[in-house]
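Breakdown of the fold
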Amino acid sequence: MKVKAIGLVLAGLFASTLATQSYAETKDDVIKRGTLKCGVSSDKMGFSYINDNGEWSGMDVDYCRAVAAAVLGSPDKVEYITTTSKNRFTSLASGEIDILSRSTTWTVGRDAKLGADFTTIWFYDGQGFMTRKSLGIKSVDELDGATFCLSPGTTSEHNLADYFSARGLTYRSVVFEKTEELYAAYQKGRCDALTNDVTGLAARRTLFKSPDDHFILPEVISKEPLGAYVKQGDNDWRDIVTMVGYALIEAEELNVTKDTAQELAKSTKNIAVQRLLGTDGDLGTALGLSSDWALKAIEATGNYGEIYANHVGLNSPMKFERGANALHVDGGLMYSPPFR
């Protein structure tokens, strides 16, 4: 009996090892392929969309560009694959994409149930509501009985149900899998309101024929920490994707910019900057990357503050304030673990 029990234990360990090995190959696959497969949206201005020049642009796009620079040496070695709210986690689990960088909310259920691991909080958001000004609605309570256009399988759908139920409010829903169909239906009057991350609503409103005809209500009903996911089980890959995000945040705090990174790598006496840029220590080796992996990422996209300003902040049409997305030293929530 003891021999049989030992055999069962060894068999279980062997199977577990094989399962781990089957997932722990993403970095090698990316390097062998020579491109990073990045799952994005295609129409969320400021985060992941195709701009007027036919180029991919946005904060989520820059995250993938930074990872490609760190791993492959070039931010241009990215294949962008459009995903929907319904198929995004399936695409990740199947290996169709290496990273899901699509303004996806981090939740306990997703980490526990969907075979995916969250990496770095890339943007703090919250769920809001948008209606047509012609309806005269000024608060969420006035949406009792309204019709909403919704996407299936999103936290927005579940948050709406919870919020209305707790207040004894009712609503009807019209569901659309594709985001562009949802917003087109809203503009045609098939529903009274939309609910999504406030940034998503604001971004989409800029694309409407008459943006000023639509009003974002003041209420924010949820916490929406957004960021990138990777497939569960590959700890090495998760570490790489996570630390690339943190490197860009740390770079902003240390005032390392896209234009100054290379010179600082040669001349700085600041030990924290040296460790970040790879001229001191062995963090690159520990991650399985070159010593200058963070330097390459910063040169590709700029630091977090530069990325924010260019796509959703003061240098963009959206002009969002930093708010919770400011560095912790400026009253926000953004900070990196120590690079040591």
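The notes below deal with the structure included here.

What follows deals with the packing of aromatic side chains. The tally for this structure, following the rule as stated, stands at 18 aromatic pairs. Geometrically, the ring pair formed by Phe129 and Tyr163 is tilted, given 6.4 Å between the ring centres and 45° between the ring planes. Residue Phe129 is located in strand β8 (residues 127–132), and its partner Tyr163 is located in helix α6 (residues 155–166); the two are separated by 34 residues in the primary sequence. Each member of the pair, Phe129 as well as Tyr163, carries the same accessibility label: buried. Here a set of aromatic residues connected by ring pairs shows up, and it is made of Phe47, Tyr63, Trp122, Phe123, Tyr304 and Tyr308. The positively charged end of Arg132 is found above the aromatic ring belonging to Tyr186, 5.1 Å away from the centroid. The positively charged end of Arg322 is found above the aromatic ring belonging to Tyr308, 5.0 Å away from the centroid.

Looking now at the nonpolar core. By size, the foremost hydrophobic cluster in this structure holds 69 residues, and its most contacted members are Met59, Val67, Ile99, Trp237, Val244, Leu276 and Trp293. The element contributing the most residues to this core is helix α3 (residues 59–72), with 10 residues. Other than its neighbours up to four places away in sequence, Ile99 contacts Leu36, Lys37, Cys38, Gly39, Cys64, Val67, Leu92, Ala228, Tyr229, Val230, Trp237 and Val241. Val140, Leu143, Ala146 and Leu160 belong to the second largest nonpolar core, which has 14 residues in total.

A word on the pairing of β8. Taken across its 6 residues, β8 has 6 buried, putting it largely inside the fold. In β8, alternate side chains face the same way, and those of Gln127, Phe129 and Thr131 on one face and Gly128, Met130 and Arg132 on the other are all buried. Pairing between β8 and strand β11 (residues 193–197): 5 bridges, direction antiparallel. Bridge pairing in β11 places Met130 opposite Leu194.

Conventions used here
Residues numbered from 1 in each chain as written. Predicted model: local features only at pLDDT ≥ 70, side-chain atom pairs only at ≥ 80, totals over all residues. Heavy atoms only, no water. Phe/Tyr/Trp six-rings, centres within 6.5 Å; stacked < 30°, edge-to-face > 60°. Helix = DSSP H or I, 4+ residues; strand = E, 2+ residues; numbered from the N terminus. Buried < 20%, exposed > 50% of the residue type's maximum accessible area, 1.4 Å probe, protein only. Lys NZ or Arg CZ within 6 Å of the ring centre and 35° of its normal. Core = buried A, V, L, I, M, F, W, Y, C linked by side-chain atoms within 4.5 Å. Contact = heavy atoms within 4.5 Å. Pairing = 2+ DSSP bridges.

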